[in-house]
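# Structural description and commentary
For reference, the chains in residue letters:
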Amino acid sequence: MAVLLAHEIETPRPCSYLPDREASLETLLMRNVTAQEYEHLLVRGWRRFGPQYFRPACASCNECVSLRVPVEGFTPNRSQRRARAACAHLRVEVGPPRVDEERLALYRAWHAERETTREWEASELGAREYAFQFAFPHPSAREVAWYDDSDPAGPKLVGLGLCDETPHAWSAVYFFYDPAYARLSLGKASVLFQVELARERGIPYVYLGYRVLACDSLRYKAGFRPHELLEGRPALDAPPEWRAAPEAPEAPEAPRASQAPVSEPGPADGVRSR
């Protein structure tokens, strides 16, 4: 059973997504959270990094909208199918999250590229911080690792997805990749793989976190259709209401360098992006 250690609503700060807005997170610090208890939070718009569970608590903005993909109804669009084909030669392993130098090096290379191309703040995520945020012991925690076995130096880790699995939900938490493989659209392929994996495991929904239409890094989520959006910020003792998003024509394909999705940052400064 979950044990609540702390509950906090953050003082408003400049928004990481929309520069003209202020943002605030509501966070719960908990231990001994079961997969079922986490699912209860997830379907009400909460996300997880390590032992911290969070959701937006912005007083004057509701642009962060929880989005989930019904597995059975999902059909990849043309761009997503191309991404899956481009990554077909890569090997994928699913298992518990790990911490090692290979994973740290991949994260640092990915984040450094974002610092240059998108003016993100520098990240000094070390082994301890990585373990706390991405590999904290939790019954739901999963890692989806992408390897290029054709590399001359041997199997090479080129992409890594941090995810959560509960009885009725798969949650895509965070994804980073080798910038040299950006042309493959690994982020899109990763989402497709997770939808297919959820289908195989009988999991009805894949949760992609918060859709923010005015943010380049988070707008991509609206392209996975059909999808459902959460109404408001339901209380923990209130039933969540999800509605089907209206159909929309397929958007023009974005430039290759920006196709890989970036999951929303967590409450810790080390992974907060713009």
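Parameters at a glance
- Residues numbered from 1 in each chain as written.
- Predicted model: local features only at pLDDT ≥ 70, side-chain atom pairs only at ≥ 80, totals over all residues.
- Heavy atoms only, no water.
- Helix = DSSP H or I, 4+ residues; strand = E, 2+ residues; numbered from the N terminus.
- Rg over C-alpha atoms; globule rule 2.2 N^0.38 Å.
- Buried < 20%, exposed > 50% of the residue type's maximum accessible area, 1.4 Å probe, protein only.
- Areas by Shrake-Rupley, 256 points an atom, 1.4 Å probe, with all protein chains shown as cover.
- Polar contact = N/O pair within 3.5 Å; in protein donor to acceptor, adjacent residues only side chain to side chain.
- Contact = heavy atoms within 4.5 Å.
- UniProt positions renumbered as here; feature names shortened; annotations may be inferred.
- Disulfide = S-S within 2.5 Å.
- Pairing = 2+ DSSP bridges.
- Axes fitted to C-alpha atoms, helices over the stretch in contact; angles between N-to-C directions.
- Core = buried A, V, L, I, M, F, W, Y, C linked by side-chain atoms within 4.5 Å.

Bringing the overall build of the protein into the picture now. The number of helices and strands found in the protein is five helices and 14 strands. Scaling as 2.2 N^0.38, a compact globule of 274 residues should have a C-alpha radius of gyration of about 19 Å, and the protein matches this with 18 Å. In terms of overall dimensions, the protein has C-alpha extents of about 55 × 45 × 40 Å along its principal axes. By residue count, 52% of the 274 residues in the protein fall in the buried class. By element, 54% of the accessible surface of the protein is carried by carbon and sulfur atoms, the whole surface being about 12600 Å².

Along the polypeptide, threonine 166 turns up in strand S10 (residues 156-166). According to the relative accessible area criterion, threonine 166 is buried, its value standing at 4%. One polar contact links threonine 166 to glutamate 39, side chain to side chain, over a distance of 2.5 Å. Apart from the residues lying within four places of it in its own chain, the contact partners of threonine 166 are Ala35, Tyr38, Glu39, Ser140 and Ile203.

Moving on to the UniProt feature "domain: N-end aminoacyl transferase N-terminal" (unreviewed entry) in the protein. Using the residue numbers shown here, the UniProt feature "domain: N-end aminoacyl transferase N-terminal" (unreviewed entry) corresponds to residues 14-82. Across residues 14-82, helical content stands at 19% and strand content at 35%; the span's end C-alpha atoms are separated by 37 Å.

Summed over all chains, the structure comprises zero disulfides. Distance from the sulfur of cysteine 58, which forms no disulfide, to the nearest cysteine sulfur (cysteine 61) is 5.8 Å. With no disulfide of its own, cysteine 163 lies closest to cysteine 87 among cysteine sulfurs, the gap being 15 Å.

The subject of this paragraph is the UniProt feature "domain: N-end rule aminoacyl transferase C-terminal" (unreviewed entry) in the protein. When the UniProt feature table is mapped onto this chain numbering, "domain: N-end rule aminoacyl transferase C-terminal" (unreviewed entry) sits at residues 102-230. Summarising residues 102-230: 30% helix, 29% strand, and an end-to-end C-alpha distance of 37 Å.

Another aspect to go through is the sheet that holds strand S11 (residues 169-177). With mixed pairing, eight strands are arranged side by side in an open sheet as S8-S9-S10-S11-S12-S7-S13-S14. The strands lining the two open edges of the sheet, one partner per strand, are strand S8 (91-95) and strand S14 (242-244). The sheet shows a mean angle of 30° between the axes of neighbouring strands, taken without regard to direction. When S8 meets strand S9 (residues 141-148), the two strands line up antiparallel, connected through five bridges. Within the sheet, the bridge partner assigned to glycine 95 lies in S9 and is glutamate 143.

Counting 52 residues, the largest nonpolar core has Phe134, Trp146, Tyr174, Phe176 and Leu186 as the members making the most contacts within it. The set of elements that each furnish at least two residues to this core consists of strand S7 (65-70), helix H3 (101-117), helix H4 (127-134), S9, S10, S11, helix H5 (186-200) and strand S12 (205-211). Counting residues in hydrophobic clusters, the runner-up holds 13 residues, among them Val33, Leu42, Tyr53 and Ala169.

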